[in-house]
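Given next are the chains, with one letter for each unit.
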Amino acid sequence: MFSSLDHAMMQRAITLAKNGQFTTAPNPNVGCVIAHGEEIVGEGYHYQAGQPHAEVFALRAAGERARGATAYVTLEPCSHYGRTPPCAEALVKAGVGRVVCAMVDPNPKVAGRGVTILQQAGIEVQVGLLEADALALNKGFIQRMKTGRPFVQLKLAASLDGRTALANGKSQWITSAPARADVQCFRAKAGAILSTSATVLADDPSLNVRWADLGETVQQHYPEANLRQPVRVIIDSQNRVTPAHRLVSLPGKTLLARANADTQTWPEDVQQLEVATEATGQLDLVALMETLAAQDINHVWVEAGAGLAGGLLKAGLVDELIVYQAPKLMGSDSRGLIDLNGLTEMAEVPALAITDVRMVGPDIRITARINTT
Ligand code: AOF
Ligand code: ZN
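As the structure is a computational prediction, the values presented were derived from the model and not from experiment.

J.: Account for the overall build of the chain, with residues named and values stated.
T.: In terms of helices and strands, the chain carries 11 helices and 16 strands. For a compact globule of 373 residues, the expected C-alpha radius of gyration is about 21 Å, and the chain comes in at 23 Å, within 12% of that figure. Expressed as a percentage of the 373 residues in the chain, the buried residues total 49%. Across the chain, every contact between residues at least 6 apart in sequence was considered, and the portion connecting residues at least 24 apart equals 68%. When the 33 basic and 37 acidic side-chain charges of the chain are each reduced to a single mean position, those positions are 3 Å apart.

J.: Any chance you could break down unusual backbone geometry for me, citing the residues and the numbers?
T.: Between A25 and P26 the backbone carries a cis peptide bond, its omega angle lying at 5°. If you trace the backbone, P26 turns up in the loop between α1 (4-18) and β1 (31-36). Of note, the amide linkage connecting Q172 to W173 takes the cis form, showing an omega dihedral of -15°. Within the secondary structure, W173 sits in the loop between β7 (163-165) and α7 (177-189).

J.: Help me get a handle on the pattern of salt bridges, residues and values and all.
T.: Enumeration according to the criterion identifies 15 salt bridges in this entry. In this structure, R258 and D236 form a salt bridge, with 2.8 Å as the shortest nitrogen-oxygen distance. Note that R258 is positioned in strand β10 (residues 254-258) and D236 in the loop between β9 (231-235) and β10, a separation of 22 residues in sequence. Considered together, R258 and D236 belong to a single accessibility category, that of buried residues. Between D262 and R258 there is a salt bridge, with the nearest N and O atoms lying 2.8 Å from each other. Overall, D262 belongs to the buried group, its relative accessible area being 18%. R258 gets classed as buried once you look at its relative accessible area, which sits at 0%.

J.: Can you lay out the coordination of the zinc ion (ligand 2) for me, pointing to particular residues and giving the numbers?
T.: Octahedral metal centres with six donors ideally show angles of 90 or 180 degrees, and tetrahedral centres with four donors ideally show 109.5 degrees. In this structure, H53 (ND1), C78 (SG) and C87 (SG) serve as the protein donors to the zinc ion (ligand 2), at separations of 2.0 to 2.2 Å. The coordination sphere of the zinc ion (ligand 2) comprises 4 donor atoms, whose angles at the metal cover 98 to 119°; the geometry is tetrahedral. The sequence motif formed by the donor residues of the zinc ion (ligand 2) is H-x24-C-x8-C. No difference in accessibility class separates C78 from C87, as the two residues are buried.

J.: Give me the lowdown on the pairing of strand β12 (residues 299-302), citing residues and values where you can.
T.: Side chains of β12 alternate between two faces, with H299 and W301 and V300 and V302 buried alike. Judged from the 4 bridges that link them, strand β6 (residues 151-159) and β12 form a sheet pairing that is parallel. Bridge pairing in β12 links F151 to H299. As defined by bridge partners, strand β8 (residues 192-196) adjoins β12 across 3 bridges and the pair is classed as parallel. Counterpart to L194 in the pairing with β12 is V302.

J.: Hey, could you go over the confidence of the model for the chain for me, with residue numbers and the actual values?
T.: Residue-level pLDDT values for the chain average 94, and 100% of them are 70 or greater. With pTM at 0.93, the complex prediction returns an ipTM value of 0.90.

J.: Describe the nonpolar core, naming the residues involved and giving the relevant values.
T.: Taken as a class, soluble globular proteins show a tendency for nonpolar side chains to be buried jointly. With 41 residues, the main nonpolar core has M10, I34 and V99 as its most contacted residues. If you look at the next biggest cluster of nonpolar residues, it comprises 32 residues, including A158, L194, A309 and L337.

J.: Quick one: what's the story with the packing of aromatic side chains, residue by residue and with numbers?
T.: Here the distance between the centres and the angle between the planes together describe a pair of aromatic rings. Per the counting criterion, the structure on display carries 2 aromatic pairs. Taken together, a centroid distance of 4.9 Å and an interplanar angle of 65° make the contact between F22 and Y222 edge-to-face. Here F22 is found in the loop between α1 and β1, whereas its partner Y222 is found in the loop between α9 (216-221) and β9, with 200 residues between them in sequence. Aromatic pair F186 and W301: ring centres 4.7 Å apart, planes at 5°, arrangement stacked. In this pair, F186 is assigned in helix α7 and W301 in strand β12, connecting sequence segments 115 residues apart. W301 matches F186 in its accessibility class, with the two residues each being buried. Note that R180 overlies the ring of W173, its terminal NZ or CZ placed 4.1 Å from the centroid.

J.: Tell me what's going on with the UniProt feature "domain: CMP/dCMP-type deaminase" (unreviewed entry) in the chain, and back it up with residues and numbers.
T.: Within this structure's numbering, the places UniProt gives as "domain: CMP/dCMP-type deaminase" (unreviewed entry) are residues 4-126. A distance of 15 Å separates the end C-alpha atoms of residues 4-126, which is 33% helix and 20% strand.

J.: With reference to specific residues and values, describe the environment of Q120.
T.: For Q120, the location among the structural elements is in helix α4 (residues 113-120). Sequence spacing of Q120 and K328 is 208 residues, and the spatial spacing of their C-alpha atoms is 62 Å.

J.: Any details on the environment of A326? Residues and values, ideally.
T.: Inspection of the secondary structure assignment puts A326 in strand β13 (residues 320-326). Sequence separation between A326 and R113 is 213 residues; the distance between their C-alpha atoms is 49 Å. Beyond its immediate stretch of four places on either side in the chain, A326 contacts A158, S159, L160, I174, T175 and D363.

J.: Please set out the sheet that holds strand β5 (residues 124-127) residue by residue, giving values where relevant.
T.: Here we have 5 strands laid out as an open sheet, ordered β2-β1-β3-β4-β5, and mixed in their pairing. In the strand order of this sheet, the two ends are held by β2 (39-45) and β5, each with one partner. Direction aside, the axes of adjacent strands within the sheet are offset by 15° on average. By the bridge criterion, 4 bridges tie β1 to strand β3 (residues 70-73) in an arrangement that is antiparallel. Across the sheet, residue A35 finds its bridge partner in β3, namely T70. Sheet strands touched by α1: β1, β2, β3 and β4 (98-101). Its angle to β1, the strand with the most contacts, is close to 145°. Its contacts with the sheet place helix α2 (residues 54-62) against β1, β2 and β3, and it is angled at close to 145° to β2.

The rules behind the values
Residues numbered from 1 in each chain as written. Chains lettered and ligands numbered in written order. Predicted model: local features only at pLDDT ≥ 70, side-chain atom pairs only at ≥ 80, totals over all residues. Heavy atoms only, no water. Helix = DSSP H or I, 4+ residues; strand = E, 2+ residues; numbered from the N terminus. Rg over C-alpha atoms; globule rule 2.2 N^0.38 Å. Buried < 20%, exposed > 50% of the residue type's maximum accessible area, 1.4 Å probe, protein only. Contact = heavy atoms within 4.5 Å. Lys, Arg positive; Asp, Glu negative; His and termini not counted. Charge placed at Lys NZ, Arg CZ, Asp CG, Glu CD. Salt bridge = Lys/Arg side-chain N within 4 Å of Asp/Glu carboxyl O. Donors = N, O, S within 2.8 Å, 3.2 Å for Na, K, Ca; no water. Tetrahedral: all angles 85-135°; square planar, octahedral: opposite > 155°, others 65-115°. Pairing = 2+ DSSP bridges. pLDDT = per-residue confidence, 0-100. Core = buried A, V, L, I, M, F, W, Y, C linked by side-chain atoms within 4.5 Å. Phe/Tyr/Trp six-rings, centres within 6.5 Å; stacked < 30°, edge-to-face > 60°. Lys NZ or Arg CZ within 6 Å of the ring centre and 35° of its normal. UniProt positions renumbered as here; feature names shortened; annotations may be inferred. Axes fitted to C-alpha atoms, helices over the stretch in contact; angles between N-to-C directions.

Structure (structure tokens):
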């Protein structure tokens with residue numbers, strides 16, 4: 001059904017889509033190429049929510065040459081009036097002859113209606129080219145649309161023997177500067193950074209994206225990578241975070257997830273989010289994730305201690321682990337990586353599937369999925 005030329009064009013559209021990976025949240029990354037055979041007449045990608053969609057930029061570039069052309073789009077063209085008018089209608093109006101999309105848009109407002117609009121206008125439509133690559137582009141968006149929960153990445157940093165701090169609590173720094181720059185890139189792509197009041201009280205962290213720390217590659221290729229700050233979400237069931245903590249007054253939104261809101265005066269960018277609690281008094285993490293998804297957060301990047309890491313794993317809320325390990329040995333009286341107390345059988349041990357291993361400076365970075373099979 002698809003020629004090698006089709007593959008090359010969709011590959012180009014996927015490359016274009018990645019240009020928006022730091023900026024489009026909560027919208028998906030989408031790329032579009034308009035071509036007559038081998039000749040590309042227009043290209044575009046979605047840059048930021050509220051800005052035109054990928055197809056609009058590509059159609060603008062193509063002008064009259066869009067007539068009779070093939071449009072390659074990494075996501076089904078939209079059919080709805082959102083922040084912008086429907087792309088499917090724009091493609092019809094421009095007179096394209098054929099549309100190839102990598103996948104159907106899981107947004108219930110679209111979900112096949114874009115394809116129908118095109119087909120009803122007599123345009124040939126094909127779906128499914130390089131679908132796996134398109135799915136990988138928007139793991140968070142797709143998961144939120146399909147399940148009402150965000151995609152959750154748990155970051156862990158440890159010595160080679162899996163320790164995160166000495167027995168006296170000292171931990172700066174275990175991993176290298178390049179590993180910490182890599183963390184900044186993950187933060188910059190996420191919709192939210194999740195941490196706990198324990199971390200805030202212990203370290204008074206910023207939990208923001210810092211341009212200077214993003215590393216040269218990102219700085220050169222994505223000059224707008226720090227235009228958007230992820231939302232900081234702090235689990236604070238005991239109301240221990242105060243307006244004096246550093247992250248409260250940094251640019252960007254902060255959500256304090258609490259059992260009960262307090263009556264203090266907080267800066268405008270700080271919102272208290274009341275979340276249901278469990279019998280233990282701890283916040284219901286599933287309810288928290290669903291609330292975050294309802295606030296359009298596709299992708300949560302977790303940077304916290306062993307307690308939250310264990311809690312999220314036990315609740316089945318972790319989709320991917322990003323583990324940095326430094327070439328250091330800290331010994332078994334140092335602190336461990338994850339609280340998974342009470343395991344008595346190997347059958348209860350969460351099984352992982354490692355999907356990537358690479359060096360980041362002198363450290364290694366392991367990416368793993370929870371193995372559900
Ligand atoms: C497309 N092309 O480039 C993107 C699409 O609020 P809006 O108007 O920006 O609409 C956002 C929705 O549109 C988003 O949830 C997704 O369903 C679709 N995104 N569609 O045709 C694009 N970014
Ligand atoms: Zn659109």
